[in-house]
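The residues making up each chain are set out below.
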Amino acid sequence: MTESMPLLQVRDAVKDFGGVRAVDNCSLDVMRGTITGLIGPNGAGKTTLFNLVSGAIPLSGGRIIFDGEEIHGSKMHQTFARGLMRTFQIPREMKGMTVLENLMVVPARQTGERLWASWLTPWRVARQERDIEERAMETLEFVRLSHLADEYAGNLSTGQKKLLELARTLMAEPKMVLLDEPAAGVNRTLLGDLAADIRRACDERGVTFLLIEHDMELVARLCDPVIVMANGSVIAEGTPGEVQSDPQVLEVYLGGVIGGPA
């Protein structure tokens with residue numbers, strides 16, 4: 001795939017729940033190496049679209065293409081294996097494990113997972129565990145959580161859990177991450193850290209991001225382009241400034257003001 005081709009292509013996506021159409025012939029592109037914002041009022045279909053792209057729920061119609069391959073019909077573990085990750089508005093950390101352990105379980109196909117490996121090749125298991133622990137610590141340093149490596153994940157603040165969730169996705173070496181409201185419940189100080197880490201992951205590690213967000217200050221700081229959804233379809237796309245002044249976008253927000261709930 002060339003760098004000029006979109007990493008993610010959604011074409012005429014439809015999702016029906018009984019008689020309700022949550023996503024209605026939605027089409028959009030996400031280019032490689034971008035941080036693309038996805039905004040819109042409540043009920044616009046944003047989270048449903050994330051669920052469709054990640055394989056959490058099946059399409060009713062349309063196509064989804066990731067990195068040149070059609071992935072509609074794939075399950076979440078299959079899209080994960082292709083390098084497409086997603087996070088959730090409410091973090092899903094493993095509360096009873098330490099912060100470091102939360103990262104160390106991410107890499108797939110670890111030697112120690114095989115039944116006889118610990119008995120027959122213990123040196124190989126130990127070497128791989130050391131390598132994974134080293135990479136996990138480097139990732140925690142990247143998101144400024146290394147000082148909490150031995151803390152139980154369930155004891156972290158909401159903002160720290162969001163940083164941990166980002167770290168877990170980075171441990172999987174993703175091509176693209178779907179971020180669902182990363183700013184929700186995060187104080188302004190940690191939100192600044194989170195925004196900086198997202199930018200660095202994009203710039204330094206080549207990770208592409210598509211994020212749902214209602215904090216327009218964060219969207220304006222991070223995202224270009226911004227895609228706007230309403231009633232299950234894309235209604236506008238452009239820079240943060242362009243979409244905020246678009247008459248159709250202003251019309252779908254109560255009072256013509258962007259910044260309400262996503």
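First, a word on scope: everything that follows refers to the structure included in this document. (Residues numbered from 1 in each chain as written. Predicted model: local features only at pLDDT ≥ 70, side-chain atom pairs only at ≥ 80, totals over all residues. Heavy atoms only, no water.)

Geometrically, a pair of aromatic rings is defined through the distance of the ring centres and the angle of the planes. Per the stated rule, a full pass over the model turns up zero aromatic pairs. Against the face of Phe17 rests Lys15, its NZ or CZ located 5.3 Å from the ring centre. (Phe/Tyr/Trp six-rings, centres within 6.5 Å; stacked < 30°, edge-to-face > 60°. Lys NZ or Arg CZ within 6 Å of the ring centre and 35° of its normal.)

Spatial strand order, β6-β7-β8-β3-β9-β10: six strands in an open sheet with mixed pairing. A strand with exactly one partner marks an edge of an open sheet, and here the two such strands are β6 (84–86) and β10 (233–238). Strand-to-strand twist in this sheet, taken as the mean axis angle between neighbours without regard to direction, amounts to 20°. In the packing of helix α1 (residues 46–54) onto the sheet, contacts are made with β3 (35–39), β6, β7 (176–180), β8 (208–212) and β9 (226–230), and the angle to β7 comes to roughly 150°. (Pairing = 2+ DSSP bridges. Helix = DSSP H or I, 4+ residues; strand = E, 2+ residues; numbered from the N terminus. Axes fitted to C-alpha atoms, helices over the stretch in contact; angles between N-to-C directions. Contact = heavy atoms within 4.5 Å.)

Once that is clear, we can look at empty space enclosed by the protein. Within this structure, the stated rule accounts for one cavity of 30 Å³ or more. There is about 60 Å³ of room inside the largest cavity. Its residues placed into classes, the lining of the largest cavity shows six nonpolar, one polar and three charged. (1 Å grid on protein atoms, 1.4 Å probe; cavity = no way out; pocket = protein on both sides within 12 Å on 5 of 7 lines; lining within 4 Å. Points joined across faces, edges and corners; volume = space filled by probe spheres on them. Nonpolar A, V, L, I, M, F, W, Y, C, P; charged D, E, K, R; others polar.)

Among the structural elements, Glu165 can be located in helix α6 (residues 158–171). No salt bridge is formed by the buried Glu165; the nearest opposite charge belongs to Arg168, separated by 5.4 Å. Sequence-distant contacts of Glu165, that is, excluding residues within four places in its chain, are made with Thr87, Phe88, Pro91 and Arg92. (Buried < 20%, exposed > 50% of the residue type's maximum accessible area, 1.4 Å probe, protein only. Lys, Arg positive; Asp, Glu negative; His and termini not counted. Salt bridge = Lys/Arg side-chain N within 4 Å of Asp/Glu carboxyl O.)

A separate point is the layout of surface pockets. By volume, the largest pocket is sized at about 380 Å³. Looking at the largest pocket, it is lined by 15 residues, and the ones nearest its centre are Phe80, Met85, Arg86, Phe88 and Arg168. Counting only elements with at least two residues in the lining of the largest pocket, the list comes to α2 (76–81), β6 and α6. At four residues, α2 tops the list of elements feeding residues into the lining of the largest pocket. Here the residues of the lining of the largest pocket sort into six nonpolar, five polar and four charged.

Compared with an ideal rise of 1.5 Å per residue, which puts 14 residues at 20 Å, α6 spans 20 Å between its outermost C-alpha atoms and is within 8% of the ideal. Burial in α6 covers these residues: Gly159, Lys161, Lys162, Leu163, Leu164, Glu165, Leu166, Ala167, Thr169, Leu170 and Met171. (Expected span 1.5 Å × (residues − 1).)

Another aspect to go through is the environment of Gly96. Tracing the sequence through the fold places Gly96 in the loop between β6 and α3 (99–104). Sequence separation between Gly96 and Asn155 is 59 residues, and the spatial gap between their C-alpha atoms is 9.2 Å.

Turning to the environment of Val219, a few remarks are in order. As for its position among the elements, Val219 is in helix α8 (residues 216–222). Taking relative accessible area as the criterion, Val219 reaches 1% and is therefore assigned buried. Excluding its chain neighbours within four sequence positions, the residues that come into contact with Val219 are Ile39, Glu213, Val226 and Pro240.

Applying the stated criterion to the full structure yields 17 salt bridges. The salt bridge partner of Arg82 is Glu69, with a shortest N-O separation of 3.1 Å. Placement of the pair is Arg82 in the loop between α2 and β6 and Glu69 in strand β5 (residues 69–70), with a sequence separation of 13 residues. Lys95 is paired through a salt bridge with Glu93; the nearest N and O atoms lie 2.7 Å apart. The class of Glu93 is buried, set by a relative accessible area of 9%.

In this section: the packing of α6 against helix α7 (residues 188–205). As a packed pair, α6 and α7 sit with axes 9 Å apart at the nearest point and diverge in direction by 10°. Judged by the angle between their axes, α6 and α7 are roughly parallel. Remark: the crossing between α6 and α7 carries left-handed chirality. Residues Gly159, Gln160, Lys162, Leu163, Leu166 and Leu170 of α6 form the contact with α7, whose own contacting residues are Leu190, Asp193, Leu194, Asp197, Ile198, Ala201 and Arg205. Along the lines of polarity and charge, the residues of the contact of α6 with α7 split into seven nonpolar, two polar and four charged. (Parallel < 35°, antiparallel > 145°, perpendicular 65-115°, else oblique. Left-handed = near helix turned anticlockwise from the far one by under 90°.)

For α7, built from 18 residues, the straight-helix expectation of 26 Å at 1.5 Å per residue is met to within 8% by its first-to-last C-alpha distance of 25 Å. The complete set of buried residues in α7 reads Leu190, Leu191, Gly192, Leu194, Ala195, Asp197, Ile198, Ala201 and Cys202. N-cap assignment for α7: the residue whose side-chain oxygen lies 3.1 Å from the backbone N of Thr189 is Asn187. Where α7 ends, the next residue or the one after it, Gly206, has phi of about 70°, a positive value. (Polar contact = N/O pair within 3.5 Å; in protein donor to acceptor, adjacent residues only side chain to side chain.)

Treat this as a map of the structure, not an account of what it does.
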